[in-house]
Amino acid sequence: MTRRTSLRPAFVQYVPETLEEGVLYISPENRTVAHLCCCGCRSEVMTPLDPTQWRLIYDGRISLDPSVGSWNLPCRSHYWIRGNAVQWAEPWTDARIAAARNAQRQRTAHHYAPPQAQPAALEVAPPKPPKRLWERLLAWLAR
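This text gives an overview of the structure that appears in the document. If you're wondering where the values come from, they're calculated on a predicted model, not measured in any experiment.

### Thoughts on the overall build of the protein chain
Reasoning step 1: In terms of helices and strands, the protein chain carries two helices and eight strands.
Reasoning step 2: Listing every helix and strand of the protein chain by position from the N terminus yields β-β-β-β-β-β-β-β-α-α.
Reasoning step 3: Across its three principal axes, the protein chain shows a C-alpha extent of roughly 100 × 35 × 25 Å.
Reasoning step 4: When contacts within the protein chain are restricted to residue pairs at least 6 apart in sequence, long-range pairs at least 24 apart make up 31% of them.
Reasoning step 5: If you sum the accessible surface of the protein chain, you get close to 10,400 Å²; carbon and sulfur atoms cover 56% of it.
Reasoning step 6: One finds the centroid of the 18 positive side-chain charges in the protein chain at a distance of 11 Å from the centroid of its 12 negative side-chain charges.

Below, the structure written as structure tokens:
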């Protein structure tokens, strides 16, 4: 297995059934990025584009943020995709992976939580009907 050092972006409507080595498939419509693992194991890696998960940066070149950690794959590859280049990162321990997953769950829950309940609207008494002329005259005389 040969580690990749770069990926070529391909914008698609749908991710193809068979992925080509060295291609980063980007489906903006489906908010998904897919590629074969850069370690060479040929496992499919899907990264959902979502405010709580991955963010795609395109300036003529492709970058993904944060890093790609293939913790569920046997290879457990970990790398960054920056400017079409693959930058290899250190492997993570099981404890660090568990902590990152927990933080991800919390970010997602917070992001998608319903807005805090608004305080009940201030209750305003219905306006009193205007007094009749004779009631106003009596009130004026009483003052």
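More follows now that the structure is in view.
### Focus on the side chain of asparagine 84
Reasoning step 1: On the secondary structure map, asparagine 84 appears in the loop between strand 7 (78-82) and strand 8 (85-88).
Reasoning step 2: Residue classification places asparagine 84 among the buried residues on the basis of a relative accessible area of 18%.
Reasoning step 3: Engagement of the side chain of asparagine 84 in a polar contact is seen with the backbone nitrogen of isoleucine 62, the distance being 2.7 Å.
Reasoning step 4: Setting aside residues up to four positions removed in sequence, asparagine 84 forms contacts with Thr5, Ser6, Leu7, Pro9, Arg61 and Ile62.

### Quick notes on the environment of valine 86
Reasoning step 1: Within the secondary structure, valine 86 is located in strand 8.
Reasoning step 2: Judged by its relative accessible area of 8%, valine 86 falls in the buried class.
Reasoning step 3: Distance in space between the C-alpha atoms of valine 86 and threonine 5 is 4.7 Å, their sequence separation being 81 residues.
Reasoning step 4: Ignoring any residue separated from it by four or fewer positions in sequence, one finds valine 86 in contact with Arg4, Thr5, Ser6, Leu7, Cys38, Tyr79 and Trp80.

### Observations concerning the packing of aromatic side chains
Reasoning step 1: Using the criterion set out here, one finds three aromatic pairs in the structure.
Reasoning step 2: Geometrically, the ring pair formed by phenylalanine 11 and tyrosine 58 is edge-to-face, given 5.2 Å between the ring centres and 85° between the ring planes. Taken as a pair, phenylalanine 11 in strand 1 (residues 8-11) and tyrosine 58 in strand 5 (residues 55-58) lie far apart in primary sequence, 47 residues in all.
Reasoning step 3: An angle of 20° between the planes, with centres 5.1 Å apart, marks the rings of tryptophan 71 and tryptophan 92 as stacked.

### Considering a nonpolar patch on the surface
Reasoning step 1: Taken together, the side chains of Trp134, Leu137, Leu138, Trp140 and Leu141 make up a nonpolar region of the molecular surface, amounting to roughly 610 Å² of accessible area.
Reasoning step 2: Within the secondary structure, leucine 138 is located in helix 2 (residues 133-142).

### Side note on the sheet that holds strand 6 (residues 62-69)
Backbone-to-backbone hydrogen bonds pair the strands of a sheet. The strands run either parallel or antiparallel.
Reasoning step 1: Read from one edge to the other, the open sheet built from four strands follows the order 5-6-7-8, with strand pairing classed as antiparallel. Two strands in the sheet have a free side with no partner beyond their single neighbour: strand 5 and strand 8. Taking the axes of each pair of neighbouring strands and ignoring which way they run, one obtains an average angle of 25° across the sheet.
Reasoning step 2: Summarising the sheet, strand 7 and strand 8 pair through four bridges and their orientation is antiparallel. Paired with tryptophan 80 across the bridge in strand 8 is glutamine 87.

So, how was this worked out
Residues numbered from 1 in each chain as written. Predicted model: local features only at pLDDT ≥ 70, side-chain atom pairs only at ≥ 80, totals over all residues. Heavy atoms only, no water. Helix = DSSP H or I, 4+ residues; strand = E, 2+ residues; numbered from the N terminus. Contact = heavy atoms within 4.5 Å. Areas by Shrake-Rupley, 256 points an atom, 1.4 Å probe, with all protein chains shown as cover. Lys, Arg positive; Asp, Glu negative; His and termini not counted. Charge placed at Lys NZ, Arg CZ, Asp CG, Glu CD. Buried < 20%, exposed > 50% of the residue type's maximum accessible area, 1.4 Å probe, protein only. Polar contact = N/O pair within 3.5 Å; in protein donor to acceptor, adjacent residues only side chain to side chain. Phe/Tyr/Trp six-rings, centres within 6.5 Å; stacked < 30°, edge-to-face > 60°. Patch = residues over 30% accessible without salt bridge, like charges linked within 9 Å, V, L, I, M, F, W, Y side chains within 5 Å. Salt bridge = Lys/Arg side-chain N within 4 Å of Asp/Glu carboxyl O. Pairing = 2+ DSSP bridges. Axes fitted to C-alpha atoms, helices over the stretch in contact; angles between N-to-C directions.

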